[in-house]
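So you can see what is in the structure, the chains are spelled out below.
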Amino acid sequence: MTGDPILEVSNLHTHFSTDRGLIRSVNGVSLSIGRGRTLGVVGESGSGKTVLARSIMGLLPSANVYRSGSVVFEDVDLTKMDPKALRKLFGARIAMVFQDPMTALNPVMRVGHQITESLRLHLHMSRHDARESAVALLTQVGIPSPEMALTQFPGQLSGGMRQRVMIAVALACSPRLLLADEPTTGLDATVQAQVLDLLQDLQHERHMAMILVTHDIGVVASRADVIAVMYAGRIVEIAPAKSLFTAPMMPYTYGLLNSIPKITTASHTRLTSIPGRPPDPLAVGSGCEFAPRCAYARDRCIDQRPPLAPSRTPGHKFACWYPLDGQKVLESHPFLQPRDRESKRR
Amino acid sequence: MTDLRVVVGRGRRRVTAVAGVSFSIFPGETLGLVGESGCGKTTTARAIVQLEDIASGSVVVDGIDLGELDRGSLRLLRRRVQMIFQDPISSLNPRRRVRDIVAEPLNIWNIGSKSDREETVVRLLDAVGMDPESTLDRRPGEFSGGQCQRISIARALAISPNLLVCDEIVSALDVSVQAQIINLLEDIKAEFGLTVLFIAHDLAVVKAISDRIAVMYLGRICEIGPSDTICGEPAHPYTNALMASAAPTSLDTAPKTTRLPGEPPNLLNPPQGCRFSNRCPRAKDRCHIEEPQLSECGKDHLVACHFPTLAKTDDLRS
Ligand SMILES: Nc1ncnc2c1ncn2[C@@H]1O[C@H](COP(=O)(O)OP(=O)(O)OP(=O)(O)O)[C@@H](O)[C@H]1O
Ligand SMILES: Nc1ncnc2c1ncn2[C@@H]1O[C@H](COP(=O)(O)OP(=O)(O)OP(=O)(O)O)[C@@H](O)[C@H]1O
Ligand code: SF4
Ligand code: SF4
Ligand SMILES: [Mg+2]
Ligand SMILES: [Mg+2]
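Definitions and cut-offs
Residues numbered from 1 in each chain as written. Chains lettered and ligands numbered in written order. Predicted model: local features only at pLDDT ≥ 70, side-chain atom pairs only at ≥ 80, totals over all residues. Heavy atoms only, no water. Helix = DSSP H or I, 4+ residues; strand = E, 2+ residues; numbered from the N terminus. Rg over C-alpha atoms; globule rule 2.2 N^0.38 Å. Buried < 20%, exposed > 50% of the residue type's maximum accessible area, 1.4 Å probe, protein only. Contact = heavy atoms within 4.5 Å. Areas by Shrake-Rupley, 256 points an atom, 1.4 Å probe, with all protein chains shown as cover. Pairing = 2+ DSSP bridges. Axes fitted to C-alpha atoms, helices over the stretch in contact; angles between N-to-C directions. Near = heavy atom within 4 Å. Nonpolar A, V, L, I, M, F, W, Y, C, P; charged D, E, K, R; others polar. Phe/Tyr/Trp six-rings, centres within 6.5 Å; stacked < 30°, edge-to-face > 60°. Lys NZ or Arg CZ within 6 Å of the ring centre and 35° of its normal. Core = buried A, V, L, I, M, F, W, Y, C linked by side-chain atoms within 4.5 Å. Domains from an automatic or database assignment. Polar contact = N/O pair within 3.5 Å; in protein donor to acceptor, adjacent residues only side chain to side chain. Salt bridge = Lys/Arg side-chain N within 4 Å of Asp/Glu carboxyl O.

Q: Before we go on, may I ask you to explain the overall build of chain A in this structure?
A: On a plain count of helices and strands, chain A comes out with 13 helices and 12 strands. The C-alpha atoms of chain A give 21 Å as radius of gyration, which agrees with the globular expectation for 346 residues (20 Å, within 12%). Dimensions of chain A, computed from C-alpha atoms along their principal axes, come out at roughly 65 × 50 × 45 Å. The proportion of buried residues among the 346 residues of chain A is 56%. Considering only intrachain contacts with a sequence separation of at least 6, the fraction spanning at least 24 residues in chain A is 65%. Here chain A displays about 14,400 Å² of accessible surface, and carbon together with sulfur accounts for 53% of that area.

Right, here's the structure in full:
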């Protein structure tokens, strides 16, 4: 990514020790993000996206967690900061939108209070100013009657409204970096578009960098500058959006792209999916984690793990011994062939 | 399983979340339900599974009006109707092990011997793409959102219900697992003759699985019809807008700039006349006065609009 990075993550590992053994959720992730840029993170459920985001923020359960590596935000290593200093940073300079709004919002505190609290703490606003800002924020995220929403408890809002409240809380203090974990999951298409537009506008306005974690590739396709694909706690491919979609190198990325249902496809068409399931996070392999599900796997893949290495395209890196041939992909690529595919009922 | 009819109206803080909704789901059918966030999809679903009190109207399952049943018969009926929730993480008990969570309905209904139950649990976990061996003794907190969702699907399928109500069950899943789950549902449906009400906000996903789709706006159904018709030739302006803002299918298509004007209206104070009239690009005087009723506009195709699109629409998508 160009420009001096606002965030630089190097060789981040996060492991949980459980009574069944060590769960390796994040395994040596390195990435950087420039000021005002957007990094999309996609990957299968359980691939470690949420744990990665939480590790960056240092928001992990306190017991039985092992984190190593460095997270440098504006020249400070967050992993070396004391909790008190961290708390001051969060909300004000870095904010996070959580995947599960119900557990992230305080269920017994009125929505209004949750927003104004952060404004008053970080920006030292008066009660009255904080309230006005809160109304403005809720209006910006498209809550129909913000005054009323302020007096409600999270449980009284629909799933989508809770999500928007989360976003309002996160944006309250104009952070420099926003980590958004599935910010639009659960929102319908029109609201999703609105919320993403809003995030993008605010981002430009405030020059805010954003890490957009999502399982919906459609969300990041047109909005992220760079997209990272995670598999089993590692980044297996990272590239500028266009390059990733037009010429994915790693078979897993290709599989993901191929699984996207399209509105132009006839109903009850069998969807394409990647066979098999992700590896047991307890197992430690020495080869490519995707090998058991990969149609291109050979002996080498099982013995040796491919490193994340650059391709010919600038900024495009992938981890695969036998990458896909760009041409071959182009022919059958769903993104490039939005017209009806014939029914593939098995 | 015959005709299921739902007419719900509910007042809470004077909010009527669902204001007179009627539709039928036929045996073996999958009905998709889409609509703006907060329009009352979850409330409708909760009414069907009796988790929400019904202010007026009725829910009829297999010809039996749920409102007229005593507690005992309701309990029996509930076994035939299972719901999977939007929020997987908080709908699972964090203190219990996966094996007990999935077996819970079997225990409640006292189905099978202990070893039968164990077997069923293993089979179901396998069916939803989880490795039984490494999951059985873990607790929900150790799983990702998507993994929790698969566990709750396994739980709902444990007692082979007739009607399965799925509220945004794939919204939290990545595309590949989403595809697996949808294919799985299609298989299970075929195998057990299951009837499904499938709620989601992603039109492409809903279309993939549904025979018919109902579109909801502000507590009412505004259009209902065969999936291909709803997605290909939507008649209601709101459905049109939904289609237009669906994620771009091609990379080169910039994010769609056609956005609905205005704010989603307030349930406390719905617009006069047609509920969509304050945002509808096609609204005329009549729309602000008279509320349109669902009426036939094509084969099995109902729309609630005074000025529906009847001819094939322009392709708004690309
Ligand atoms: N507190 C914890 N203790 C033990 N294991 C955990 C804990 N939190 C997460 N994990 C494990 O870490 C792995 C990664 O989980 P994570 O929540 O990051 O997935 P994700 O990529 O966000 O998935 P999703 O798309 O479903 O949200 C999973 O295998 C999960 O079981
Ligand atoms: N317990 C409650 N108290 C007050 N209002 C409520 C309550 N539950 C739901 N509502 C309101 O009812 C409306 C419909 O909510 P519902 O959860 O059914 O929407 P939904 O269509 O499922 O939305 P989403 O797609 O966001 O999940 C919302 O405006 C919501 O605020
Ligand atoms: S390294 Fe081998 S197994 Fe891994 S993705 Fe590439 S071809 Fe497949
Ligand atoms: S009735 Fe009028 S306002 Fe309502 S959707 Fe139809 S054209 Fe639009
Ligand atoms: Mg997650
Ligand atoms: Mg809902």
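Back to the write-up after that little detour.
Q: Sorry, what's going on with the sheet that holds strand β1 (residues 5–18) of chain A here?
A: Two pairing modes exist for strands in a sheet, parallel and antiparallel, and in both the strands are linked by backbone hydrogen bonds. Residues and elements named next belong to chain A. Reading across the sheet, the four strands line up as β2-β1-β4-β5 and stay open at both edges, with antiparallel pairing between neighbours. Edge positions in the open sheet fall to β2 (21–34) and β5 (76–77), since each of these has one partner strand only. Examined bridge by bridge, β1 and strand β4 (residues 65–73) share eight bridges and lie antiparallel to one another. When the sheet's bridge partners are listed, His 15 is paired in β4 with Tyr 66. Helix-sheet contacts for helix α1 (residues 49–57) involve β1, β2 and β4, and the interaxial angle to β1 is about 115°.

Q: Teacher, can you tell me more about the site of ligand 4 here?
A: Lining the immediate surroundings of ligand 4 are 13 residues, of which Cys 274, Cys 280, Cys 287, Cys 305 and His 306 of chain B lie closest. In the shell around ligand 4, the residues fall into nine nonpolar, three polar and one charged.

Q: Looking at this structure, how should I read the packing of aromatic side chains?
A: Geometry of an aromatic ring pair is reported as the spacing of the ring centres plus the angle between the planes. By the definition in use, this model includes six aromatic pairs over all chains. When the ring of Tyr 231 of chain A is compared with that of Tyr 252 of chain A, the centres are 4.5 Å apart and the planes differ by 55°; the resulting orientation is tilted. Of this pair, Tyr 231 of chain A sits in strand β9 (residues 226–231) while Tyr 252 of chain A sits in helix α11 (residues 251–258); the two residues are 21 residues apart in sequence, bridging distant segments of the chain. Residue classification places Tyr 231 of chain A among the buried residues on the basis of a relative accessible area of 2%. Ring centres of Tyr 217 of chain B and Phe 276 of chain B lie 5.0 Å apart, and the angle between their planes is 75°; this geometry places the pair in the edge-to-face category. Taken together, the residues span a long stretch of sequence, with Tyr 217 of chain B in strand β10 (residues 212–217) and Phe 276 of chain B in the loop between α11 (237–245) and α12 (285–289) at a distance of 59 residues. Like Phe 276 of chain B, Tyr 217 of chain B is buried. Ring pairs connect the aromatic residues Tyr 231, Tyr 252 and Phe 290 of chain A, which therefore count as one cluster. One residue, Arg 298 of chain A, lies across the ring of Tyr 322 of chain A, its end atom 3.8 Å from the ring centre.

Q: Please clarify how the nonpolar core should be interpreted in this entry.
A: General note: in soluble globular proteins, nonpolar side chains tend to be found buried as a group. Counting residues in each nonpolar core, the largest one holds 106 residues, and the members touching the most others are Leu 7 and Ile 211 of chain A. There are two domains that each give this core at least three residues, and those are domain 1 (1–93 + 175–346) and domain 2 (111–172) of chain A. Once you skip the residues sitting within four places of it in the chain, Leu 7 of chain A turns out to touch Leu 31, Ser 32, Ile 33, Ile 56, Val 71, Val 72, Phe 73, Leu 177 and Ile 211 of chain A. Core analysis: the second largest hydrophobic core is formed by 63 residues, Ile 101, Ala 158, Phe 198 and Leu 218 of chain B among them.

Q: Which parts of the structure should I look at to understand the site of ligand 1?
A: Near ligand 1 lie 23 residues; those nearest to it are Ser 25, Gly 46 and Thr 50 of chain A together with Glu 142 and Gly 146 of chain B. The local environment of ligand 1 is shared, drawing residues from chains A and B. One of the side-chain N or O atoms of Lys 49 of chain A is found 2.8 Å from an oxygen atom in ligand 1. Taken by itself ligand 1 offers 640 Å² of open surface, and the protein chains cover 91% of this. Of all the elements in the fold, those that place two or more residues in the shell around ligand 1 are β1, β2 and α1 of chain A together with α7 (145–157) of chain B. Grouping the constituent residues of the shell around ligand 1 by class yields five nonpolar, 13 polar and five charged.

Q: Explanation requested: the packing of helix α4 (residues 98–108) of chain B against α7 of chain B in the structure shown.
A: How two helices pack is summed up by the angle between their axes together with the distance between the axes. All names here are of chain B. Across the interface, α4 lies against α7 with an axial gap of 6 Å and an inter-helix angle of 35°. For the pair formed by α4 and α7, the contact residues are Val 98, Ile 101, Val 102, Glu 104 and Pro 105 on the first element and Ile 151, Ala 154 and Arg 155 on the second. When its residues are assigned to classes, the contact of α4 with α7 shows six nonpolar, no polar and two charged.

Q: Looking at this structure, how should I read α1 of chain A?
A: For an α-helix the count is 3.6 residues per turn, leaving residues at separations of three or four pointing the same way. Within α1 of chain A, seven of the nine residues are buried, leaving the element largely enclosed by the surrounding structure. Residues of α1 of chain A that are buried: Lys 49, Val 51, Leu 52, Ala 53, Ser 55, Ile 56 and Met 57 of chain A.

Q: I'm lost on the pattern of salt bridges in this one. Help?
A: Two side chains bearing opposite charge may form a pair once their charged atoms approach each other closely. Residues and elements named next belong to chain B. With the rule as written, the count across this model stands at 21 salt bridges over all chains. Notably, a salt bridge pairs Arg 99 with Asp 137, separated by 3.0 Å at the nearest N-O pair. One end of the pair, Arg 99, is in helix α4; the other, Asp 137, is in the loop between α6 (132–135) and α7, and 38 residues separate them in sequence. The partly exposed category is assigned to Arg 99, whose relative accessible area is 24%.

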